[in-house]
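Coordinate inspection notes
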Amino acid sequence: MHTVLTGDRPTGPLHLGHYVGSLRNRVELQSRHRQFVMIADLQALTDTDPAKVRSNVLEVAYDYLAVGLDPEKSTLFIQSQVTELAELTVFFLNLVSLARLERNPTVKEEIRQRGFERDVPVGFLTYPVSQAADIAAFKATLVPVGADQQPMIEQTNEIVRRFNALTASTTLVECAALVPAQGRLPGLDGSAKMGKSLGNALALSASPDEIRTAVKQMYTDRNHLRVQDPGQVDGNVVFTYLDAFDADAAAVDELKARYRRGGLADTVVKRRLEDVLQATLAPIRARRAPYARDPGAVRTMLEEGCARARAVAAATLREVRQALGIEYFA
Ligand code: TRP
């Protein structure tokens, strides 16, 4: 049995990218493993307005419950409420160099996207260290994340090894990433990543109309001008999404062959994708509604999750302090 830990920044509603990247895996994992799922509000605060973070915490919790994370099976909690995570981050900051942080390709790309350059907040540059603390505090062995998070897992394991070497102990454990075989879901516009801030995301809570509009606006093959022309399937977002969401892989392969040959209209492929997405998201939207009507109950569930999470992190932190020799008054 694994201990699983993962999380999401509450910067907006969760979208299809989160679903394919990690949420689907988590729903699978929760029945066989000990799973912690964290609303990473501290990490969100590294680049997002506090009011926006606060207003999205419950939204993310609704999304979790909507996709089928079950608080009886998974511990759902809020990062900032487990202050041990901040404490462990401070210890870990001594175990990683500025040069190493600046080499993290995901953070590098995010800094470029945000136009920070040298004015990058130190908290932003060091969020992989805080993420390492999240994982290590729970002694997680498996971390279901999207492919873009793989550098964080490598950095976590480096820090864990350094900590254990420094303290000549086996206090902390290394983890493995669980990355979906399918790879990262592109944005609706075909760009490499789906993101709310990139304006190319489809929320899990999207209405039927929003789903319809999103599929209509999706890129296909820009050279596929007439139905009878042969079309390009690779890099065609509509087919990428069918691969990710259509359970009937044989039917999708058939469509691809017809599209490549020529004679299959974009509208036909899009209609199929719209049906698939409507069918995927309808039960999620339906499960979400009663939770969103009862924020008090969801808050209580989170409070219980935070208490459970804090107990686990506090036990690790006692060992960490002992290993570092800073348990002066025990
Ligand atoms: N960086 C993750 C994201 O942007 C969120 C996150 C924070 C996380 N701490 C984590 C993911 C620990 C996995 C494990 O989605």
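Figured I'd write up the structure that's included with this text. Only a predicted model underlies this, so the values are computations on that prediction, with no experimental measurement involved. Numbering of residues begins from 1 in every chain and follows the order in which that chain's sequence is written. This being a predicted model, a pLDDT of at least 70 is required before a residue's local features are given, and a value of 80 or more before pairs of side-chain atoms are given or counted; all residues contribute to the totals for chains, interfaces and linings. Hydrogens are left out, water is left out, and the side-chain values use all remaining heavy atoms of the structure.

The nearness test applies per residue and asks whether one of its heavy atoms lies within 4 Å of the molecule or strand. In the vicinity of the ligand there are 13 residues, among which Met38, Gln43, Gln131, Asp134 and Gln149 approach most closely. Definition of a polar contact: a pair of N or O atoms within 3.5 Å, with one able to donate and the other able to accept a hydrogen when the atoms are protein atoms, and with sequence-neighbouring residues admitted only if both atoms are side-chain atoms. Contact distances for the ligand include 2.7 Å between a nitrogen atom and a side-chain N or O atom of Gln43. Contacts to the ligand include Asp134, whose side-chain N or O atom sits 2.8 Å from a nitrogen atom. In this structure, the ligand is accommodated by the largest pocket. Within the residue set of the shell around the ligand, elements represented by two or more residues are strand S1 (3-8) and helix H8 (127-137). Any residue outside Ala, Val, Leu, Ile, Met, Phe, Trp, Tyr, Cys, Pro, Asp, Glu, Lys and Arg is labelled polar, Gly included; the first ten of those are nonpolar and the last four are charged. Looking at the shell around the ligand residue by residue, the class counts come to six nonpolar, five polar and two charged. Cavity: a set of points on a 1 Å grid over the protein atoms alone where a 1.4 Å probe fits but cannot get out. Pocket: an open set with protein on both sides within 12 Å along at least five of seven lines, its lining residues, like those of a cavity, having an atom within 4 Å of a point. Placement in a cavity or pocket follows one criterion, namely that more than half of the molecule's atoms lie within 2 Å of its grid points. Strands are runs of DSSP state E lasting at least two residues, helices are runs of H or I lasting at least four, and both sets are numbered from the N terminus onward.

Once the charged atoms of two side chains with opposite charge are near each other, the side chains can pair. By definition here, a salt bridge exists when the distance from a side-chain nitrogen of Lys or Arg to a carboxyl oxygen of Asp or Glu is within 4 Å. For the coordinates displayed, the defined rule picks out 16 salt bridges. In this structure, the salt-bridge partner of Asp63 is Arg288, at a minimum N-O distance of 2.8 Å. One end of the pair, Asp63, is in helix H3 (residues 50-67); the other, Arg288, is in helix H13 (residues 266-292), and 225 residues separate them in sequence. Residue burial is assigned from relative accessible area. The probe radius is 1.4 Å, only protein chains are included, and a residue is buried under 20% of its type maximum, exposed over 50%, and partly exposed in between. With relative accessibility at 1%, the residue Asp63 sits in the buried group. The salt bridge partner of Asp148 is Lys193, with a shortest N-O separation of 3.1 Å. Residue Asp148 is found in the loop between strand S4 (142-144) and helix H9 (150-166), and its partner Lys193 is found in the loop between strand S5 (176-178) and helix H10 (208-217); the two are separated by 45 residues along the sequence.

When two rings of Phe, Tyr or Trp (its six-membered ring) have centres within 6.5 Å they constitute a pair, described as stacked for plane angles under 30 degrees, edge-to-face for angles over 60, and tilted for the intermediate range. A complete count under the given rule lists nine aromatic pairs for this structure. Residues Tyr19 and Phe245 carry aromatic rings whose centres are separated by 6.4 Å and whose planes lie at 5 degrees to one another, so their mutual orientation is stacked. Of this pair, Tyr19 sits in helix H1 (residues 16-29) while Phe245 sits in helix H11 (residues 237-245); the two residues are 226 residues apart in sequence, bridging distant segments of the chain. We classify Tyr19 as buried; its relative accessible area is 14%. Ring pairing ties together the aromatic residues Tyr19, Tyr241 and Phe245, which thus form one cluster. In this arrangement the basic side chain of Arg9 is found over the ring face of Tyr127, its NZ or CZ atom lying 4.4 Å from the centre. Note on criteria: charge over ring means Lys NZ or Arg CZ within 6 Å of the ring centre, with the direction from the centre no more than 35 degrees off the ring normal.

Note that Gly7 resides in strand S1. When the C-alpha atoms of Gly7 and Pro144 are compared, they prove to be 9.0 Å apart, with 137 residues separating the residues in sequence. Ignoring sequence-local partners within four residues, the contact set of Gly7 consists of Arg26, Met38 and Tyr64. By definition, residues are in contact when any of their heavy atoms lie within 4.5 Å.

On to a nonpolar patch on the surface, then. A contiguous nonpolar patch, built from Leu166, Leu324, Ile326, Tyr328 and Phe329 and spanning about 590 Å² of accessible area, is present on the exposed surface. Counting through the fold element by element, Phe329 comes out in the segment after helix H14 (295-324). Patch members must show over 30% relative accessible area and no salt bridge, and they are joined within 9 Å when carrying like charges or within 5 Å when they are nonpolar side chains of Val, Leu, Ile, Met, Phe, Trp or Tyr. Surface accessibility follows the Shrake-Rupley procedure with a 1.4 Å probe radius. Residue values consider only the protein chains on display as shielding.

To continue, consider the pairing of strand S3 (residues 74-78). Of all five residues in S3, five are buried, a share of seventy percent or more. Side chains of S3 alternate between two faces, with Ser74, Leu76 and Ile78 and Thr75 and Phe77 buried alike. Strands are treated as partners if at least two bridges between them are detected by DSSP. Sheet topology places strand S2 (residues 34-39) next to S3; five bridges connect them, and they run parallel. When the sheet's bridge partners are listed, Phe36 is paired in S3 with Thr75.

This next bit is on H1. In this scheme, a helix's expected span is set at 1.5 Å multiplied by one less than its residue total. Between its first and last C-alpha, H1 extends 19 Å over 14 residues, near the 20 Å set by a 1.5 Å rise per residue. Maximum bend of H1: about 45 degrees, positioned at Ser22. Looking only at H1, the buried set comprises Leu16, Gly17, Tyr19, Val20, Gly21, Ser22, Leu23, Arg26 and Leu29. Across the chain, bend at a residue is computed as the angle between axes fitted to the seven residues ending at that point and the seven starting from it.

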